[in-house]
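Analysis of the macromolecular model
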Amino acid sequence: MITAPKGTIDITPKDVYKWQYVENLLRKITAGFNFKEIRTPVFEHTELFQRGVGDTTDVVSKEMYTFIDKADRSITLRPEGTAGVVRSFLQNGMFADAQPTKLYYIIPCYRYEKPQAGRLREFRQFGVEMFGSYEPSADADVISLVKLILNKLGVKDITLNINNIGCPKCRSEYNKKLIECLEAKKDKLCPTCQERLYKNPMRIFDCKSEICQELIKDAPKMFDSVCDDCKDHFDKVLKYLDAMEIAYNIDKGIVRGLDYYTKTVFEFVSNSIGAQGTVCGGGRYDNLVEELGGKPCAGIGFAMGIERLLLVMENTGIEIPEEETCDIFVAALGENADFKAAKIVADLRTAGIKAEKDHLARSLKAQMKFADKIKAKYTVVLGDNEIENNKVTVKNMKTGEQQETSIENIANMLEI
Ligand code: HAM
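Residues numbered from 1 in each chain as written. Predicted model: local features only at pLDDT ≥ 70, side-chain atom pairs only at ≥ 80, totals over all residues. Heavy atoms only, no water.

The element helix α11 (residues 306-315) is largely enclosed, with a buried count of seven among its 10 residues. What α11 keeps buried is the set Ile306, Glu307, Arg308, Leu309, Leu310, Val312 and Met313. Residue Gly317 follows α11 closely and has a positive phi angle near 75 degrees. (Buried < 20%, exposed > 50% of the residue type's maximum accessible area, 1.4 Å probe, protein only. Helix = DSSP H or I, 4+ residues; strand = E, 2+ residues; numbered from the N terminus.)

Written as structure tokens, this is what we have:
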């Protein structure tokens, strides 16, 4: 038997209603913030991620699903949503629209990581990107969206950790300090971080090796070296969060796993799902649009792992109501009645009622058992007598109450 590739999951009907519930809620709340949906390709030119996400990141250097297509082009399955959305923003001239441009997406992403609880090779992200605003109120706007989503879903045990990682101007000064601090311990760093030390030293904070983490523990933090402009911006973001009564925790250790961030970075972390507790990550990326070929244009956004979000909900006992799928089951006794049942079901469906009948030539008893299994709210039994007299009995399966009516009137008897 062929099984699904490692690190992928099937979302079967047993669980899909949970996804639909969460996705519907995400769309509804996000629309209330005036974000519009964007759909971009699953695959892009590899260069987009190399330039956008950064080739010293784990995501680009180790985790991408990259292949050469039949015309010798290097193609990559998107490991995240931001780079593709920025490309599309530019390619479709959205910078000429009234700003800010507010976009959201619900997409599958692909990363060749070691699968574990909450970490997959194909996973789904809900994300938003806002372009065109350098103002701290934009940072607070997207953070407040995450907060509202978590509140509406009933998720409580999640902490907002926030940090300021400055801009290229203050970062280059800081990088010198960091290199100075780590140079003496260089040989003890993992081979990847030895390379990162001169190319992109802040990345070392993001290394998964415990030795590197120990070596960098007491190193200076970007937060303490930001320029006045970056400090000002961040202080105002916190003021907006205070004004909106959003609690946060400043975590100077957050650098995020992608290179495009400037100033504000943040993560929403849960303790209830083990090591992969970051449910949502995001931040400001004021240089990315320009790096990908556009005119200078601010950006800020986040992405939430939907699998992780559902894990948190499951582990903290938040139940999602299962949608009822059958209003009425029309059981038939004999072939003649079955033809009539098909017509009744078709008419009920046309009227917007969720109707079902038998398709396995079952006995009446087995049909009723099946109706029970699919949780039909009502049933009707159709035999030659019922057809001849145009009289059927509609049974409420919950209360046991039965009511007689004509075939044409079935729909009016249902309280749904
Ligand atoms: P990220 O932190 O790489 O950020 O991913 C965002 C979220 O996707 C994570 O917090 C996590 O919940 C989920 N995630 C990441 N990798 C996996 C995985 N292997 N399995 C399951 N879930 C995963 C970004 O992707 C940025 N594009 C976010 C962003 C948007 N920043 C600005 N705008």
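Assignment of secondary structure puts Gly154 in the loop between α5 (136-153) and β7 (158-164). Residue class for Gly154 comes out partly exposed when judged on its relative accessible area of 31%. Sequence spacing of Gly154 and Ala303 is 149 residues, and the spatial spacing of their C-alpha atoms is 19 Å.

Let's shift gears to the pairing of strand β4 (residues 74-77). Here strand β2 (residues 43-45) pairs with β4 via three bridges, running antiparallel. Bridged to His45 within β4 is Ile75. Connecting strand β3 (residues 65-68) to the next strand, β4, in antiparallel fashion are five residues, including Asp72 with a positive phi near 70 degrees. (Pairing = 2+ DSSP bridges.)

Now for the domain arrangement of the chain. Often the size quoted for an interface is simply the accessible area lost on bringing the parts together. Its domain assignment divides the chain into domain 1 (13-167 + 226-315) and domain 2 (328-413). Inter-centroid distance (C-alpha atoms) of domain 1 to domain 2 is 49 Å. (Domains from an automatic or database assignment.)

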